[in-house]
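A look at the structure
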Amino acid sequence: MRTYNLALIGFGGVNRALAQLIDEDPTRFSHLGFDLKVVAITDLAMGSLVQADGIDVGTVLALRRGTTFEQFPGGSATVNNETVIRESPADIIAEATFTNPIDGEPATSHVRWALESGKSVTTTNKGPVALHGEALKQLAADNGAVFAYEGAVLSGTPVLGLARHQLAGLTIKGVQGILNGTSNYVIGRMEAGLALEQAVAEAQAEGYAEADPTADIGGSDVQLKVTILANELLGASITPADVDTTGITGISADDIISAAREGKRYKLIGSAYRGEDGRVVAKVAPNAVSADHPLANIPGATNAVSFDTDLLGTVTITGPGAGRIETAFALITDIIAIHTREKEKVNV
Ligand SMILES: NC(=O)c1ccc[n+]([C@@H]2O[C@H](COP(=O)([O-])OP(=O)(O)OC[C@H]3O[C@@H](n4cnc5c(N)ncnc54)[C@H](O)[C@@H]3O)[C@@H](O)[C@H]2O)c1
Ligand SMILES: N[C@@H](CCO)C(=O)O
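Each residue is numbered by its place in its chain's sequence as written, counting from 1. Labels are handed out in written order, letters beginning with A for the chains and numbers beginning with 1 for the ligands. Whole-chain, interface and lining totals are the exception, using all residues; otherwise, since this is a predicted model, local features are given only for residues with pLDDT of at least 70 and side-chain atom pairs are given and counted only at 80 or more.

1. Things to note about the site of ligand 2
Going by this rule: Only the C-beta atom matters for nearness: placed from the backbone, it must lie within 6 Å of the molecule or strand for the residue to count as near. Only Asp, Glu, Lys and Arg are considered charged, only Ala, Val, Leu, Ile, Met, Phe, Trp, Tyr, Cys and Pro nonpolar, and every remaining residue, Gly among them, polar.
The environment of ligand 2 is formed by Ser155, Asn180, Gly181, Thr182, Tyr208, Ala209, Glu210, Asp216, Asp221, Gly321 and Ala322. When grouped by side-chain class, the residues that make up the shell around ligand 2 number 3 nonpolar, 5 polar and 3 charged.

2. Some words on the confidence of the model for the protein
Predicted coordinates in areas of low pLDDT are best not read in detail. Threshold: Within a predicted model, pLDDT stands for the predictor's per-residue confidence, ranging from 0 to 100.
In the predicted model, the protein carries a mean pLDDT of 95, and the fraction of residues at 70 or more is 100%. As a predicted assembly, this complex carries a pTM of 0.95 together with an ipTM value of 0.98.

3. Describing the site of ligand 1
Heads up, the condition is: Starting at the N terminus, helices and strands are each numbered in turn, a helix being any DSSP run of H or I of at least four residues and a strand any DSSP run of E of at least two. All the domain ranges listed were derived from an automatic or database domain assignment.
Neighbouring residues of ligand 1: 30 residues in total, closest Gly10, Gly12, Val14, Thr124 and Ala322. Those elements that provide at least two residues to the shell around ligand 1 are helix 1 (13-24), strand 2 (34-43) and helix 12 (324-347). Of the residues contributing to the shell around ligand 1, the split by class is 12 nonpolar, 14 polar and 4 charged. Two domains each put at least three residues into the shell around ligand 1: domain 1 (2-155 + 325-347) and domain 2 (159-321).

4. Section: the packing of helix 7 (residues 181-191) against helix 8 (residues 196-205)
Let me state the cut-off plainly: In this description, a line fitted to the C-alpha atoms serves as the axis of each element, helices being fitted only across the stretch in contact, and the angle between N-to-C directions of two axes falls anywhere from 0 to 180 degrees. Angles below 35 degrees are treated as roughly parallel, those above 145 as roughly antiparallel, those between 65 and 115 as roughly perpendicular, and all remaining angles as oblique. Crossing handedness is defined as follows: a turn of the near helix away from the far one that is anticlockwise and smaller than a right angle gives a left-handed crossing, while the clockwise case is right-handed. C-beta atoms are placed from the backbone for every residue, and two residues are taken to be in contact when these atoms lie within 7 Å.
Interhelical geometry of helix 7 versus helix 8 gives an angle of 135° and a closest axis separation of 9 Å. Our classification of the angle between helix 7 and helix 8 gives oblique. The element helix 7 and its partner helix 8 pack so that their crossing is right-handed. Here helix 7 contributes Thr182, Tyr185, Val186, Arg189 and Met190 to the contact with helix 8, which in turn contributes Leu196, Ala199, Val200, Glu202 and Ala203.

5. A closer look at helix 5 (residues 126-142)
Given 3.6 residues per turn, any residue in an α-helix points the same way as the ones three and four places further on. Operational definition: To get the bend at a given residue, fit one axis to the seven residues ending there, fit another to the seven starting there, and take the angle between those axes. Field definition: a residue is buried when 20 or more other C-beta atoms are found within 10 Å of its C-beta, exposed when 12 or fewer are, and partly exposed for counts in between, with C-beta atoms placed from the backbone.
Maximal helix bending in helix 5 amounts to about 95°, located at His132. Within helix 5, the full set of buried residues consists of Lys126, Gly127, Pro128, Val129, Ala130, Leu131, Gly133, Leu136 and Ala140. Contacts from the buried residues of helix 5 go to helix 4 (107-116), strand 6 (120-123), strand 7 (147-148) and helix 10 (220-233). Phi for Gly144, located one or two positions after helix 5, is positive at around 65°.

6. Quick word on the UniProt feature "domain: Homoserine dehydrogenase catalytic" (unreviewed entry) in the protein
Test applied: UniProt positions are given in the numbering used here, feature names are shortened, and annotations may be inferred rather than shown by experiment.
Under the feature "domain: Homoserine dehydrogenase catalytic" (unreviewed entry), the UniProt entry names residues 158-336. This span, residues 158-336, is 39% helix and 26% strand, and a straight line between its end C-alpha atoms measures 13 Å.

7. Some thoughts on the pairing of strand 1 (residues 2-9)
As a reminder, the rule being used: Any two strands are treated as partners once DSSP identifies two or more bridges connecting them. Note on handedness: a crossover is taken as right-handed if, strands pointing away from the viewer, the path from the first strand over the helix to the second is clockwise.
Across 8 bridges, the pairing between strand 1 and strand 2 is parallel. Residue Arg2 lies in a different strand from strand 2, and its bridge partner there is Phe34. On the question of chirality, the crossover connecting strand 1 to the parallel strand 2 by way of helix 1 is right-handed.

8. Here we look at the pairing of strand 2
Across a regular strand the side chains alternate sides, sitting on one face of the sheet and then on the other. Among the 10 residues of strand 2, 7 are classified as buried, and the element is accordingly described as predominantly covered. Relative to strand 3 (residues 47-50), strand 2 runs antiparallel, the two being bridged by 4 bridges. Bridge assignment links Asp43 to a residue of strand 3, and that residue is Gly47. As consecutive antiparallel partners, strand 2 and strand 3 are separated by 3 residues.

9. Let's talk about the nonpolar core
How we decide: What we call a nonpolar core is a set of buried Ala, Val, Leu, Ile, Met, Phe, Trp, Tyr and Cys residues whose membership is set by joining through C-beta atoms within 7 Å.
Judged by nonpolar contacts, the single largest core of 97 residues is most densely connected at Ala7, Leu8 and Ala94. Taken together, domain 1 (2-155 + 325-347) and domain 2 (159-321) each give at least three residues to this core, which thus spans both.

10. A word on the sheet that holds strand 9 (residues 244-245)
Ordered by their spatial adjacency, 6 strands build an open sheet running 9-11-10-8-12-13, and the pairing between neighbours is mixed. Edge positions in the sheet fall to strand 9 and strand 13 (313-320), since each has one partner strand and no second. As defined by bridge partners, strand 8 (residues 172-178) adjoins strand 12 (residues 302-309) across 6 bridges and the pair is classed as antiparallel. Residue pairing in the sheet places Gly177 in a bridge with Val305 of strand 12.

Next up, the structure:
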């Protein structure tokens, strides 16, 4: 049985959910041939904690808001991300700090420090993948480590893995989807009569929204995800700036009601297609779709991606696109992939 030591960088909704899953059942993954032990945690609000023998995760999860790690052996009120990532006895770094859509920092540095130290990384953070994905993949390869990011698109619903593995023998001509749980949830609640602000507050309480929810309703979250899908699935080399983006803030309750009268529903759709000239065109825009559109009935924080393929026609995957536990599951998917890679190294 292999034990992987984890460092959790950013102890918010997602990494707390991962810690909770490990705490609830430390043998949860034994049937896969590994166990997980949390040896380091950092967070802006709490500082840093490193305990090589394993952190009592239940105690840390129960700490009151505003408490720092200073009181614990190996604890400090200071956030020592670089030292923790490079020097703690972690094998795998789970990066779940805020997404920064402008330059991907500080998460990109967190990922880089880990890979430079030969440590594999799992992240749910879209910034490093959308803005620096190619460079980070190269850095991982150069250092014999894995850079894994299943949760960057559709949280725990395995859209990237599906495309990379099961759909590998197809040509994917394009993709379109509902890629933001918060805005889909918000539109649904506005259809039920809530104001935009009330609906956003609900999405925040559910743990769906970004730290700054304007990223969700303004479209930049989907812009990053479309960039990732275009680059990963269509072999493009685009940046978020290449994705023409409009969010849902311009849709009023009146727009929603008039669309409903015509049998239509608003959806924020992200898409990327390769044109006849070989160029990939990607965009994000709200659309009033008719009831028979494949994305019309995707509810709440559920997401969906339709792949337009040569041999299978349209293949659609749908599932949770946000949520703490749902996104922690993406970290687990990545850790399983890292474990598979470790086993291959032993067998080579
Ligand atoms: N919540 C979801 O449904 C979901 C789904 C998919 C992807 N994501 C992505 O996962 C990441 C984490 O999401 P979350 O919901 O846990 O966010 P969150 O806001 O609940 O937690 C982020 C945590 O990171 C900490 N942090 C920020 N900067 C830091 C730094 N420099 N060093 C250490 N800690 C730092 C914050 O204090 C906070 O506790 C985000 O990038 C988000 O875009 C979230
Ligand atoms: N805030 C994002 C989380 C998933 O990236 C959403 O609502 O879809």
